[in-house]
Amino acid sequence: MWSLDQSRKEVLRFAVSCRVLTLVLQVLTRFLGSSTPIVYWFPAYLLQNQEPLLRSPETVPWKPLAGESVARQKVPRNSLVGLLYNWKACSLVTRCILGYFLSYWLLGLLLHCNFLPWT
């Protein structure tokens, strides 16, 4: 093998450890994100219990009465869009959860389309 001086050995050690750390983080996020529903259940549980905007009568699905036809049924409004429109009225827990998932989505979108490693 080539003779390496001390500085080159340190650079090689640093490069290898950075690559191993990157691979471990990518594999962990893939395993946690795809096979563990708790990652999504816990924020959903917090949103249902902490956010009063999700308990408003507008978010309850419309049920037809006995005399009304089903053809006039309206599509229920999207809860996520409603929370984003009322960002300032949301609780701190809701803002943190939405901020985390939106930043994860945006960062993944930007890094993936530039062929950078992102899971």
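The structure this text deals with has already been given above.
Residues numbered from 1 in each chain as written. Predicted model: local features only at pLDDT ≥ 70, side-chain atom pairs only at ≥ 80, totals over all residues. Heavy atoms only, no water.

A. Geometry of helix 4 (residues 92-113). With 22 residues, helix 4 extends 31 Å from end C-alpha to end C-alpha; this agrees with the ideal 32 Å at 1.5 Å per step. Turning to helix 4, its buried residues number three or more, namely Thr-94, Ile-97, Leu-98 and Gly-108. Looking straight down helix 4, one finds that the buried residues subtend no more than 105° of arc, so they occupy a single side. In the core, the buried residues of helix 4 are packed alongside helix 2 (38-50) and helix 3 (79-85). (Helix = DSSP H or I, 4+ residues; strand = E, 2+ residues; numbered from the N terminus. Expected span 1.5 Å × (residues − 1). Buried < 20%, exposed > 50% of the residue type's maximum accessible area, 1.4 Å probe, protein only. Arc of directions from axis to C-beta. Contact = heavy atoms within 4.5 Å.)

B. Spotlight on the packing of aromatic side chains. By the definition in use, this model includes three aromatic pairs. With 6.3 Å between their ring centres and 25° between their planes, Tyr-40 and Phe-101 make a pair best called stacked. With a gap of 61 residues between them, Tyr-40 in helix 2 and Phe-101 in helix 4 connect regions that are remote in the sequence. What makes Tyr-40 partly exposed here is its relative accessible area of 44%. Using a relative accessible area of 30% as the deciding quantity, one classes Phe-101 as partly exposed. Pairwise contacts between aromatic rings join Tyr-40, Tyr-100, Phe-101 and Tyr-104 into one cluster. (Phe/Tyr/Trp six-rings, centres within 6.5 Å; stacked < 30°, edge-to-face > 60°.)

C. Highlighting the packing of helix 2 against helix 4. Here helix 2 crosses helix 4 at 145°, and the two axes come no closer than 9 Å. The element helix 2 and its partner helix 4 pack so that their crossing is left-handed. Together, Val-39, Tyr-40, Pro-43, Leu-46, Leu-47 and Gln-50 of helix 2 and Val-93, Thr-94, Ile-97 and Phe-101 of helix 4 make up the contact between the two elements. By residue class, the composition of the contact of helix 2 with helix 4 is eight nonpolar, two polar and no charged. (Axes fitted to C-alpha atoms, helices over the stretch in contact; angles between N-to-C directions. Left-handed = near helix turned anticlockwise from the far one by under 90°. Nonpolar A, V, L, I, M, F, W, Y, C, P; charged D, E, K, R; others polar.)

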